[in-house]
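Residues per chain are reported as follows:
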Amino acid sequence: MPPGGLWDRMKADPQYAPEHLALEAVRRLGPQARDWVERIRTWYPQLSPDEIAQLAIRKFVIRARLSGAISGAAGLPGAVADVGVLAWTQARMVLHVAAAYGHDPTHPDRATDLLVLQRVHKIAQTARLALGVAAGHERAGALLGRSNTPMRQAMLKLGLKLAQMAGIRAAKRLFAKAVPGAAIILGTWANSSATTDLAARTQELYRPRAIMPPPPLTR
């Protein structure tokens, strides 16, 4: 579950909610991911990076499958909580997989990776710019106080941005839960499917690429 301080920052600055989540995930979850991988390597030295990554993926796909039931609240607040928990769980998985392949999960670049992998931004350069803006808003918010944006408007924008981060299926689920009387058109399989897809992209990014031998010379 995202920490309370993060929720406050995201509600005050919903336009940059994914960036706030990515920054906080690296700060708070990066050390946890590093320590977990170190423990696994100590306990099971025979495991390869791929096998450690698969352990992490299975762990967090299961959590993602169950995440929709955590809030238990109906309407817009419950829908926002659902997608926030899913996005936070996905961030944890990405950082654990990065650590499994030897990448520092506490490095600021991991926040950039999160936003690109979760398709909030298409390229690293725009992700870095947005992270810089969010970090500036975070510092300004500490000095100036919270946003004056009406609460429901801020919650709706926050939900949409987090749903974008968690995947398009999460966006559909957000609307299904937020609209009174609407059926829940996506179940736990949607969360696990989105997280499994993210896991494949994450492994593709962090797994070392094999160095192919040069082609033989031809006469």
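In this text the structure is predicted, and so the values were computed from the model without any measurement.

Colleague: Go over helix α2 (residues 17-43), please, and point to the residues and values.
Modeller: The end-to-end C-alpha distance of α2, which contains 27 residues, comes to 37 Å, matching closely the 39 Å that a straight helix rising 1.5 Å per residue would cover. Maximal helix bending in α2 amounts to about 45°, located at Leu29; proline Pro31 follows within four positions.

Colleague: Could you give me a rundown of helix α5 (residues 109-117), with the residues and numbers involved?
Modeller: The buried fraction of α5 amounts to 7 of the 9 residues, a majority that puts the element mostly inside the structure. Where α5 is concerned, the buried positions are Arg110, Ala111, Thr112, Asp113, Leu114, Leu115 and Leu117. Just past α5, the residue Arg119 takes up positive phi, approximately 60°.

Colleague: Requested: an account of the packing of helix α1 (residues 4-12) against α2, with residues and values cited.
Modeller: Two numbers describe how α1 lies on α2: the axes approach to 9 Å, and their chain directions differ by 160°. In terms of orientation, α1 and α2 fall into the roughly antiparallel class. Relative to α2, α1 is oriented so that their crossing is right-handed. For the pair formed by α1 and α2, the contact residues are Leu6, Arg9 and Met10 on the first element and Ala17, His20, Leu21, Glu24 and Arg27 on the second. In terms of residue class, the contact of α1 with α2 is made up of 4 nonpolar, 1 polar and 3 charged.

Colleague: Go over unusual backbone geometry, please, and point to the residues and values.
Modeller: As a rule of thumb, non-glycine residues mostly have phi less than zero, and peptide bonds are mostly trans rather than cis. Notably, Arg119 is not glycine yet its phi reads approximately 60°, a positive angle. Within the secondary structure layout, Arg119 lies in the loop between α5 and α6 (124-144). Accessibility expressed as a relative area gives 59% for Arg119, which makes it exposed.

Colleague: Hey, could you go over the packing of α2 against α5 for me, with residue numbers and the actual values?
Modeller: Where α2 meets α5, the closest approach of the two axes is 9 Å, and the angle between their N-to-C directions is 135°. Here α2 is positioned oblique relative to α5, judged by the angle of their axes. Considering only the axes of α2 and α5, their crossing is right-handed. Residue-level contacts link Pro18, Glu19, Ala22, Leu23, Ala25 and Val26 of α2 to Arg110, Ala111, Leu114 and Leu115 of α5. Residue classes in the contact of α2 with α5 are distributed as 8 nonpolar, no polar and 2 charged.

Colleague: Go over the side chain of Ser192 with me, naming the residues and quoting the values.
Modeller: Take Ser192: it is sitting in helix α9 (residues 188-206). Assessed through its relative accessible area of 10%, Ser192 is described here as buried. Excluding residues within four positions of it along the chain, Ser192 makes contact with Val61 and Arg65.

About the thresholds
- Residues numbered from 1 in each chain as written.
- Predicted model: local features only at pLDDT ≥ 70, side-chain atom pairs only at ≥ 80, totals over all residues.
- Heavy atoms only, no water.
- Helix = DSSP H or I, 4+ residues; strand = E, 2+ residues; numbered from the N terminus.
- Expected span 1.5 Å × (residues − 1).
- Bend = angle between axes of the 7 residues up to and from the residue.
- Buried < 20%, exposed > 50% of the residue type's maximum accessible area, 1.4 Å probe, protein only.
- Axes fitted to C-alpha atoms, helices over the stretch in contact; angles between N-to-C directions.
- Parallel < 35°, antiparallel > 145°, perpendicular 65-115°, else oblique.
- Left-handed = near helix turned anticlockwise from the far one by under 90°.
- Contact = heavy atoms within 4.5 Å.
- Nonpolar A, V, L, I, M, F, W, Y, C, P; charged D, E, K, R; others polar.

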